[in-house]
Amino acid sequence: GAQQAVTQDIFRGFNCTILAYGQTGAGKTFTMGTASDTNNEELDGIIPRACADLFAQIDARCDGNAQVELSYLEIYNEEIRDLMGKDNNASTSTDLKIRETLNGEVYVSGLSSRPVS
């Protein structure tokens, strides 16, 4: 599935993004898996499946020296929200800007990231 493709690209050295795009009510939250309140893996969305696959591959391939950082953002009505930021209600930050490096890499300046394991 898509989660395995993401993991394969990570191990090839790429930064990866999981993106859902669509109109309100189209099922983006369900598909991404951030609305699941059950322990039923069949109902897991892309994010929990990608994380499970990533950490399974890290256990299988790495010698314990792997480091994973996670950022989580939402773009809605042309406003960027840092969903893991210091502000608990994930308010829109004017400090968040989409940028591109000279190499063509796209990133969000001011976006928080946290190490995960």
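Preceding block: the structure.
As a starting point, this report considers the structure included with it. (Residues numbered from 1 in each chain as written. Predicted model: local features only at pLDDT ≥ 70, side-chain atom pairs only at ≥ 80, totals over all residues. Heavy atoms only, no water.)

### Some points on the overall build of the chain
Item 1. The helix and strand inventory of the chain stands at three helices and six strands.
Item 2. In the chain, the order of α-helices and β-strands from amino to carboxyl end is α-α-α-β-β-β-β-β-β.
Item 3. Put simply, the chain has 117 residues, and 15% of those count as buried.
Item 4. Pairs at least 24 apart in sequence give 38% of the contacts found in the chain among residues at least 6 apart.
Item 5. Only carbon and sulfur atoms are counted for the fraction: they give 47% of the accessible area of the chain, which is about 9,200 Å². (Helix = DSSP H or I, 4+ residues; strand = E, 2+ residues; numbered from the N terminus. Buried < 20%, exposed > 50% of the residue type's maximum accessible area, 1.4 Å probe, protein only. Contact = heavy atoms within 4.5 Å. Areas by Shrake-Rupley, 256 points an atom, 1.4 Å probe, with all protein chains shown as cover.)

### Points about unusual backbone geometry
Trans is the common state for peptide bonds, and a negative phi is the common state for residues other than glycine.
Item 1. Although it is not a glycine, Asn 77 adopts a positive phi angle of roughly 50°.
Item 2. As for its position among the elements, Asn 77 is in the loop between strand S2 (73–76) and strand S3 (79–82).
Item 3. Overall, the relative accessible area of 61% leaves Asn 77 in the exposed class.
Item 4. The phi dihedral of Glu 78 is positive, around 65°, even though this residue is not glycine.
Item 5. When you line up the elements, Glu 78 lands in the loop between S2 and S3.

### Thoughts on the pattern of salt bridges
Item 1. Considering all chains together, one arrives at two salt bridges under this definition.
Item 2. Arg 12 is the salt-bridge partner of Asp 9, the closest N and O atoms lying 2.9 Å from each other.
Item 3. Close ionic contact of Arg 81 with Glu 74 constitutes a salt bridge, the shortest N to O distance being 3.2 Å.
Item 4. Its relative accessible area of 29% is what places Arg 81 among the partly exposed residues. (Salt bridge = Lys/Arg side-chain N within 4 Å of Asp/Glu carboxyl O.)

### Section: a nonpolar patch on the surface
Item 1. The grouping of Leu 73, Ile 75, Ile 98 and Val 106 at the surface amounts to a nonpolar patch, some 370 Å² of accessible area in total.
Item 2. You can call Ile 75 exposed: its relative accessible area is 52%. (Patch = residues over 30% accessible without salt bridge, like charges linked within 9 Å, V, L, I, M, F, W, Y side chains within 5 Å.)

### Things to note about the pairing of S3
Item 1. Here S3 shows a buried face lined by Ile 80 and Asp 82 and an unburied face lined by Glu 79 and Arg 81.
Item 2. Bridge analysis of S2 against S3 gives four bridges, and the strand direction is antiparallel. Bridge assignment links Ile 75 to a residue of S3, and that residue is Ile 80. (Pairing = 2+ DSSP bridges.)

### Considering the side chain of Thr 7
Item 1. Mapped onto the elements of the fold, Thr 7 is located in helix H1 (residues 2–11).
Item 2. Engagement of the side chain of Thr 7 in a polar contact is seen with the side chain of Asp 53, the distance being 2.8 Å.
Item 3. If we ignore the near neighbours within four places in the chain, the residues touching Thr 7 are Ala 50, Asp 53, Leu 54 and Gln 57. (Polar contact = N/O pair within 3.5 Å; in protein donor to acceptor, adjacent residues only side chain to side chain.)

### Structural notes on helix H3 (residues 46–61)
Item 1. Between the first and last C-alpha of H3 there are 22 Å, a value that for 16 residues agrees with the 22 Å anticipated at 1.5 Å per step.
Item 2. Of all the residues in H3, the buried ones are Ala 50, Asp 53, Leu 54 and Ile 58. Relative to the axis of H3, the buried residues are bounded by an arc of 140° and lie together on one face. Across from the buried face of H3, at angles greater than 90 degrees, the exposed residues are Asp 59 and Ala 60. (Expected span 1.5 Å × (residues − 1). Arc of directions from axis to C-beta.)

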